[in-house]
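Residue-level structural notes
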Amino acid sequence: MVIKNGLVYEEEKRFRKKDLRVEHHQIIECAEYIESEADQVVDADGLYVIPGLIDVHSHGAAGYDVSDADAKGLAEILRYEKKCGITSYCPTTMTLSKKRIFAILDHIRIFCEEEDMARIIGVHMEGPFLDARKKGAHRKEEILEPDIAFFRECNRRSGQRIRLVTVAPSVTGALEFIQELKDETILSIGHTSADYQTAKEAILAGAKHITHLYNAMPPFLHRDPGVVGAAAEQAECMVELICDGIHVHESMVRATFTLFPDRVVLISDSIRATGMKDGRYELGGQEVWVKGKLATLSDGTIAGSVSNLLDCMRKAVEFGISLEDAVAAVTVNPAKSVGIYDKVGSFGIGKKGDVVLLDKDLRVVRVIT
């Protein structure tokens, strides 16, 4: 297949009118002109041609939750994601009982994606190693101190597919957990009351990722910079950002792209209500009410988002982020953050042929994998 005449997103973070050849699900060639007489041709004139989006933090969509441990539900989530241009996906767990977490991971290990689904690139284990003081929408009674043996059993059950694990460096045993596991998975700081020094020590120990920056952590203050300040100073630390117009003010979105150049990873943090109508839903064993773009627990706590990752990219552009930077934050940056940039995230020769065609309003025209 040759995709012709489109505005192709290049690794240098710019658009250029080029042709793109995809064969056997791989990028074969990207050039100003590609001979295509014997090929299937897709005319992308007037369209943006970008790599498939990568969501490294999402709990569900389309009426289903990853934590349901249900094959039909996970399949519907992955179908919904692909329709929205997300081709690589990290199903994300909640703070639940050990038994239920094992069931979720057992289920993911044996799950096989089909052609019309996003590809699972690993699991994001968000909880139970959190700080109860910053639990957000997680259940306090299921929170555990960081447990190396439990994590390794979880990873074994997942088929060694846990790609990210969120841990609060403010709790007992967190630093040792990070130091021990830094070569086995990607450690992410989140749901924590850690101050600047504690967060810095965790980053230097091996935590190179921040779970939904600003949310469920101390604020960024001039005399107490906290996790945000510590992460800003460490060039290798990537930061997640929920850009749904609810979790983070648009001014802070713009400031974050300035403070963390080439390090922002847009995420959806989506829940089962994403793509559904307003009403009552469930998240991690708790009742969630959805009205418009806002999802809350009964006490008013924000409970994930009801936006998919493409919605978040569009919202970033609406807030004044350049399209080039916004695309990087859903392709290049997440791929680098979870160690898969050699496979996806750009149109490098030999990478997976994940291609999304968008119109000028950034709406999906076609997804090719």
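As shown above, the structure is provided for reference.
None of these values were measured; they are calculated from a predicted model. (Residues numbered from 1 in each chain as written. Predicted model: local features only at pLDDT ≥ 70, side-chain atom pairs only at ≥ 80, totals over all residues. Heavy atoms only, no water.)

1. Digging into helix α3 (residues 148-157)
Those residues of α3 not exposed but buried are F150, F151, C154 and N155. Along α3, the residues classed as buried sweep out an arc of 140° about the axis, all on the same side. Where α3 begins, one side-chain oxygen reaches toward the backbone nitrogen of A149, 3.1 Å away; that side chain belongs to D147. Positive phi shows up at G159, right after α3, with a value of about 80°. (Buried < 20%, exposed > 50% of the residue type's maximum accessible area, 1.4 Å probe, protein only. Helix = DSSP H or I, 4+ residues; strand = E, 2+ residues; numbered from the N terminus. Arc of directions from axis to C-beta. Polar contact = N/O pair within 3.5 Å; in protein donor to acceptor, adjacent residues only side chain to side chain.)

2. Things to note about the environment of G127
If you trace the backbone, G127 turns up in the loop between β11 (123-126) and α3. Between the C-alpha atom of G127 and that of A75, which follows or precedes it by 52 residues, the distance is 23 Å. Setting aside anything within four residues of it in sequence, one finds G127 in contact with T93, M94, T95 and T166. (Contact = heavy atoms within 4.5 Å.)

3. Quick look at the packing of aromatic side chains
What describes a pair of aromatic rings is the distance from one ring centre to the other and the angle between the planes of the rings. Tallying each qualifying case throughout the model produces 6 aromatic pairs. Ring centres of F129 and F150 lie 6.1 Å apart, and the angle between their planes is 80°; on these two criteria the pair is classed as edge-to-face. Here F129, found in the loop between β11 and α3, pairs with F150, found in helix α3; they are 21 residues apart in sequence, far enough to count as distant. On the basis of relative accessible area, F129 is assigned to the buried category, the value being 0%. Through a chain of ring-to-ring contacts, three or more aromatic side chains come together here, namely F102, F129, F150, F151 and F177. Geometry around Y341 places K336 over its ring, the cationic atom sitting 5.0 Å from the centre. (Phe/Tyr/Trp six-rings, centres within 6.5 Å; stacked < 30°, edge-to-face > 60°. Lys NZ or Arg CZ within 6 Å of the ring centre and 35° of its normal.)

4. Quick notes on a nonpolar patch on the surface
Together, I246, L294 and I302 give the surface a local cluster of nonpolar side chains, amounting to about 200 Å² of exposed area. Examined against the element boundaries, L294 turns out to sit in strand β19 (residues 294-297). A relative accessible area of 36% places L294 in the partly exposed class. (Patch = residues over 30% accessible without salt bridge, like charges linked within 9 Å, V, L, I, M, F, W, Y side chains within 5 Å. Areas by Shrake-Rupley, 256 points an atom, 1.4 Å probe, with all protein chains shown as cover. Salt bridge = Lys/Arg side-chain N within 4 Å of Asp/Glu carboxyl O.)

5. Here's the deal with the sheet that holds β19
Pairing in this open sheet of 3 strands is antiparallel, and the strands run β17-β18-β19 from one edge to the other. In the strand order of this sheet, the two ends are held by β17 (279-283) and β19, each with one partner. Across the sheet, the axes of successive neighbouring strands diverge by a mean angle of 35°, strand direction being ignored. As defined by bridge partners, strand β18 (residues 286-291) adjoins β19 across 4 bridges and the pair is classed as antiparallel. Bridge pairing in β19 links K291 to L294. (Pairing = 2+ DSSP bridges. Axes fitted to C-alpha atoms, helices over the stretch in contact; angles between N-to-C directions.)

6. Quick word on the pattern of salt bridges
Taken as a whole, this structure holds 32 salt bridges when the rule is applied. Its salt-bridge partner being K13, residue D325 comes within 2.5 Å of it at the nearest N-O pair. Taken together, the residues D325 in helix α9 (residues 323-328) and K13 in the loop between β1 (2-10) and β2 (14-23) connect sequence positions 312 residues apart. Classification of D325 as partly exposed rests on a relative accessible area of 28%. Connected via shared salt-bridge partners are D106, R109, E153, R156 and R157.

7. Some points on helix α2 (residues 98-110)
Because the α-helix completes a turn every 3.6 residues, residues three or four places apart line up on one side. With 13 residues, α2 should reach 18 Å at 1.5 Å per residue; the first-to-last C-alpha distance of 19 Å fits that figure. Of the positions making up α2, those classed as buried are I101, F102, I104, L105, H107 and I108. (Expected span 1.5 Å × (residues − 1).)

8. Section: the packing of helix α4 (residues 174-181) against helix α5 (residues 196-205)
Put simply, α4 and α5 touch, their axes get as near as 9 Å, and they point 20° apart. If you check the angle between α4 and α5, you find them roughly parallel. Remark: the crossing between α4 and α5 carries right-handed chirality. Each of L175, I178 and Q179 in α4 lies in contact with α5, whose residues at this interface are E201, A202 and A205. (Parallel < 35°, antiparallel > 145°, perpendicular 65-115°, else oblique. Left-handed = near helix turned anticlockwise from the far one by under 90°.)

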